[in-house]
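A closer look at the structure
Each chain, letter by letter, is given below.
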Amino acid sequence: MLSNYIKIAWKVLLRHPFYTFITLFGISLTLTVLMVLTSFLDHLFGAHYPENNRDRSLYIATMMLTDSAETSMSTGPASFRFLSRYAKSLKTPENVTIISNFSFSNTYINGKKIKLNTKYTDAAFWHVMGFEFLEGKPYNEQHTKSGEHVVVITDDLRNQYFEKKGQTVIGQNIEIEGIDYKVIGIVKGSPATRLYTYSDVYFPYTAPKSNYENKGMQGSYIAIALAKDQTDIPAIQSEFDSGIKSIPMSEIRGERKFNILIIKAEEYFDHFLNTFARRDQDKLMLYSMTALVILMFIGLPAINLVNVNVSRILERASEIGVRKAFGAPSKALLWQFIIENIFITCIGGVLALGLSYLIIYLINSSGWIPYADLTINFAVFLISVGVCLMFGFLSGVLPAFRMSRLKIVDALKG
Amino acid sequence: MIKLQNVEKVYRTSSIETLALNNINLDVKKGEFVSIMGPSGCGKSTLLNIIGLLDAPSKGIIEIDGRKVERFNDKEIAPLRNKMLGFIFQSFHLINDLSVIDNVEIPLLYRSNNAKQRRELAEEALEKVGLANRMKHFPKQLSGGQKQRVAIARAIVGKPEIILADEPTGNLDSAMGNEIINILQSLNENGATIVMVTHDDAMAKRTHRLIRLFDGTQVL
């Protein structure tokens, strides 16, 4: 039966090439945008290099100080000192790293300025993250304790700064802000969209200008706690929360008159979401808006396709009459047209897959996002298949329902 | 096999009411070959559509194989049409996008036959109408007579007890028409009950019984 339906669907496609082009163009364009968007969201929020452990990581990134009436507030990253005391001390995680937010610096080679993104980290950073070392090794506890002037740099900076290509640069110096640092490791760079790992140069936190000794609760550092297992996440959050609750009011008040401290250990997506919508009602609004945009994005082309489908199906009234005359129940006809439509949508989906690969390849190779690694992985593919099926169902069900209700005698008259 | 009692069919629009069939009483026995004749617009096709459960009467009782069916819903009527009835239309109503064999298989799609069984039964039906060599062709590649033979194969593939033919020779020349009537006669001889609408006296004479309609009323 299925082959009979698909044969018909194929012939119908061939019958009117212009309609077919319009239909497939609409479907594939919509699905391409959705696939690329899904791939981009996966790139932003998924567990990818070097944050391969993101699905079992908790981010302690934003501290908010406010008063009871929330008339004034101060929001930003925490200080190294604060995180050492309340994050680094956590017992449940496998490891905890403290890293600075991104900062900038310059270096010069033959009078040419190279702008640098810089990051200060502890030694645990290299265990929590999954960086690939192309040469050398990371700095360790010994390096950080002794305040050695060592750095890990990316392959891209190596290629820009060191002239002799193909030779190791481990042990050579790089001058940054007038200070010589010994290069001890070269890593494959992190995409710029991964803010907590993206940098050109990684310094031990004890390096000059890291401000790690600053007093006060707020600063420019974040902590990432790596759970042994995803199931440990609630326990880590609970341990962190109870540590925060134990902070004496005098410490929270500090030099300003805030009496409420809000800082949480959150999974990456929640942490990202909280940047825009901290309160539940804001989150609800954000989710609703997103759902509405997605619905419109799928719904509008689906409505358009409904119109095209209705006019196409009307041509087939005689076929509907024949099938009904020979015993097809309305339900079977309903499914026939839905299956046909899903088949057509899937053809659009295959075209969209090809287009998406092309667009993703162009994004990755354009350098628009340094080290971009957008992919269509299994999850993205599954979501795309789901979208295809939903799109096909949405645009097929209404015309199919209308046609399946057609009176046989009227249908046979065409 | 087919029993109609006091059947009436009225077509209504917002302003006009047309009586298409008036008090029709009919009893077609199992194995009979009956023809329905009458001038254009007298209600022949409407009657055939009502017998074939393609249209519902406004009034009256319809019995097919002892079952009163006038109040059946789509779910009940579809399997009855599928198993008991086979249709042959004047304009063939073949699906041009499907090959001959796929067209013939259509009634079997709504049964529990698997693909192999469907193919075998369709081949057998096409052999009966002498079109076994045209299975892979498409309707547009066939002559009118061949199309009608495909339509007959489609009507008999599910081995229905009743065959309803609406002017099956209407679009064919007399030689082709004769060929089609020969096939119908042979099906009737093998046990099928046939009701045929026709304009052609010569064709009607070859059936067991003639029913004449005039302005929606049975006159013979």
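Computed from a predicted model, the values in this text were never measured in an experiment. By convention here, each chain's residues receive numbers from 1 onward along its written sequence. Labels follow written order: the first chain is A, the first ligand is 1, and so on. Given that this is a predicted model, residues contribute local features only at a pLDDT of at least 70 and side-chain atom pairs are listed and counted only at 80 or more, while totals for whole chains, interfaces and linings are drawn from all residues. No hydrogens and no water enter the side-chain calculation; it runs on all heavy atoms of the structure.

What about the pairing of strand S6 (residues 112-121) of chain A?
Residues and elements named next belong to chain A. Selection rule: Residue burial is assigned from relative accessible area. The probe radius is 1.4 Å, only protein chains are included, and a residue is buried under 20% of its type maximum, exposed over 50%, and partly exposed in between. The numbering of helices and of strands both runs from the N terminus, where a helix is a DSSP run of H or I of at least 4 residues and a strand a run of E of at least 2. DSSP calls a pair of strands paired once it identifies at least 2 bridges connecting them.
With 7 of 10 residues buried, S6 lies mostly within the body of the structure. Across 7 bridges, the pairing between strand S5 (residues 103-109) and S6 is antiparallel. Bridging from a neighbouring strand, Phe104 pairs with Asn117 of S6. Linking S5 back to S6 in an antiparallel pair, the connection comprises 2 residues, with Asn110 at a positive phi of about 50 degrees. Note that S6 and strand S11 (residues 201-204) share 4 bridges and pair parallel. Of the residues in S11, the one forming a bridge with Thr118 is Val201.

Comments concerning the packing of helix H3 (residues 100-109) of chain B against helix H5 (residues 144-156) of chain B
Residues and elements named next belong to chain B. Heads up, the rule is: In this analysis an axis means a line fitted to C-alpha atoms, helices contributing only their contacting stretch, and an angle means the value between N-to-C directions, from 0 to 180 degrees. Two helices crossing with the near one rotated counterclockwise from the far one by less than a right angle form a left-handed crossing, whereas a clockwise rotation gives a right-handed crossing. Any two residues whose heavy atoms approach within 4.5 Å are treated as being in contact. Three residue categories are used. Nonpolar comprises Ala, Val, Leu, Ile, Met, Phe, Trp, Tyr, Cys and Pro, charged comprises Asp, Glu, Lys and Arg, and polar comprises the others, including Gly.
Where H3 meets H5, the closest approach of the two axes is 7 Å, and the angle between their N-to-C directions is 35 degrees. Where H3 crosses over H5, the two elements pack in a sense that is right-handed. Of H5, the residues touching H3 (which contributes Val100, Asn103, Val104 and Pro107) are Val150, Ala153 and Arg154. Each residue belonging to the contact of H3 with H5 can be placed in one class, and the counts come to 5 nonpolar, 1 polar and 1 charged.

Some words on the interface of chain B and chain A
The figure often quoted for interface size is the accessible area lost as the parts come together. What counts, and what does not: Using a 1.4 Å probe, buried area is obtained as the accessible area two parts lose upon being combined, added over both of them. The salt bridge criterion pairs a side-chain nitrogen of Lys or Arg with a carboxyl oxygen of Asp or Glu, the two atoms within 4 Å.
Counting residues at the interface gives 23 residues for chain B, matched by 24 residues for chain A. Note on chain B versus chain A: buried area summed over both sides is about 2200 Å², and carbon and sulfur give 62% of it. When the area that chain B buries against chain A is broken down by residue, the three leading residues are B:His93, B:Asp97 and B:Tyr110, summing to 30%. Our enumeration of links across chain B and chain A arrives at 0 salt bridges. Elements supplying a minimum of two residues to the side of chain B that touches chain A: helix H2 (74-84), strand S6 (85-88), H3 and H5 of chain B. The residue makeup of the side of chain B that touches chain A, split by class, is 12 nonpolar, 4 polar and 7 charged.

Observations concerning the nonpolar core
Here is the rule: Only buried residues count toward a nonpolar core, which is a set of Ala, Val, Leu, Ile, Met, Phe, Trp, Tyr and Cys residues joined through side-chain atoms within 4.5 Å.
B:Ile2 and B:Leu4 are the most contacted members of the largest nonpolar core, which has 57 residues in total. Residue contributions to this core peak at 6 residues, all from helix H12 (residues 330-366) of chain A. Setting aside anything within four residues of it in sequence, one finds B:Ile2 in contact with B:Leu26, B:Asp27, B:Val28, B:Ile51, B:Glu63, B:Ile64, B:Ile162 and B:Val195.

Description of the domain arrangement of chain A
Residue and element names in this part refer to chain A. Keep this limit in mind: Boundaries between domains were set according to an automatic or database domain assignment. Think of a polar contact as two N or O atoms within 3.5 Å of one another; within protein, one of them needs to be a possible hydrogen donor and the other a possible acceptor, and neighboring residues in sequence only count if both atoms come from side chains.
Entries for chain A in the domain assignment read domain 1 (2-48 + 282-413) and domain 2 (62-265). For domain 1 versus domain 2, the distance between C-alpha centres works out to 46 Å. In this complex, domain 1 contributes 8 residues to the contact, which on the side of domain 2 involves 11 residues. Overall, the association of domain 1 and domain 2 removes approximately 720 Å² of surface from exposure, summing both partners, and the carbon and sulfur fraction of that is 56%. Per-residue buried area on domain 1 facing domain 2 is highest for His43, Pro370 and Tyr371; these three make up 70% of the total on that side. Between the two partners, domain 1 and domain 2, sit 1 salt bridge. The shortest N-O distance in the salt bridge between Arg194 and Asp373 comes to 3.0 Å. Across the domain 1-domain 2 interface, the total number found is 6 residue pairs in polar contact (both at pLDDT 80 or more). Of the residues in the side of domain 1 that touches domain 2, the class split is 5 nonpolar, 2 polar and 1 charged.

Some remarks on the pattern of salt bridges
Residue and element names in this part refer to chain B. Going through the model one piece at a time under the given rule, you end up with 23 salt bridges over all chains. We note a salt bridge from Lys9 to Asp55, for which the minimum N-O separation is 3.3 Å. Here Asp55 lies in the loop between helix H1 (44-51) and strand S4 (59-64) and Lys9 lies in strand S1 (residues 2-12), a separation of 46 residues in the sequence. Like Lys9, the residue Asp55 is buried in the burial classification.

Quick look at unusual backbone geometry
The linkage connecting A:Tyr49 with the following residue, A:Pro50, adopts the cis geometry, with an omega of -5 degrees. Inspection of the secondary structure puts A:Pro50 in the loop between helix H2 (17-45) and strand S1 (57-60). The phi torsion at B:Leu53 lies on the positive side, around 60 degrees, for a residue other than glycine. Locating B:Leu53 in the fold gives a position in the loop between H1 and S4. Given a relative accessible area of 6%, B:Leu53 falls into the buried group.

What about the packing of helix H10 (residues 280-314) of chain A against helix H13 (residues 378-404) of chain A?
Residue and element names in this part refer to chain A. The line we're drawing: Comment on the angle field: the value is read as roughly parallel under 35 degrees, roughly antiparallel over 145, roughly perpendicular from 65 to 115, and oblique elsewhere.
One way to put it is that H10 packs onto H13 with a least axis distance of 9 Å and a crossing angle of 40 degrees. Put simply, H10 runs oblique to H13. For the pair H10 and H13, the crossing hand works out as right-handed. Along its contact with H10, which presents Ile298, Pro301, Ala302, Leu305, Val306, Asn309, Val310, Ile313 and Leu314, the element H13 presents Val387, Met390, Phe391, Leu394, Ser395, Gly396, Leu398, Pro399, Ala400, Arg402 and Met403.

Points about the environment of A:Ile222
All names here are of chain A. Position of Ile222 among the secondary structure elements: in strand S12 (residues 221-226). When its relative accessible area of 1% is taken as the criterion, Ile222 is described as buried. Measuring from C-alpha to C-alpha, the distance between Ile222 and Ile236 comes to 16 Å, with 14 residues separating the pair along the chain.

What about the packing of aromatic side chains?
By convention here, two paired aromatic rings are described through the distance between centres and the angle between planes. Residue and element names in this part refer to chain A. For clarity, the threshold we go by: The aromatic pairing rule takes the rings of Phe, Tyr and Trp, using the six-membered ring of Trp, and pairs them if the centres are within 6.5 Å, calling planes under 30 degrees apart stacked, those over 60 edge-to-face and the rest tilted. Lysine and arginine charges are scored as sitting over a ring when NZ or CZ, respectively, is within 6 Å of the ring centre and within 35 degrees of the ring normal.
Counted according to the given criterion, the structure contains 26 aromatic pairs over all chains. Ring plane angle 80 degrees and centroid distance 5.1 Å describe the contact between Phe80 and Tyr221, whose orientation is recorded as edge-to-face. Here Phe80, found in helix H3 (residues 80-86), pairs with Tyr221, found in strand S12; they are 141 residues apart in sequence, far enough to count as distant. Tyr221 carries the same exposure label as Phe80, and that label is buried. Relative to Phe203, the ring of Tyr181 lies with its centre 4.9 Å away and its plane at 65 degrees, an arrangement referred to as edge-to-face. Remark: Phe203 occurs in strand S11 and Tyr181 occurs in strand S10 (residues 179-187); sequence separation between them is 22 residues. Site record: aromatic cluster; members linked through ring pairs are Tyr49, Phe125, Trp126, Phe131, Phe133, Tyr139 and Tyr202. Positioned over the ring face of Tyr268 is Arg54, at 3.6 Å from the centre of the ring. One cation-aromatic arrangement involves Lys188 over Tyr49; the distance from NZ or CZ to the ring centre is 4.5 Å.

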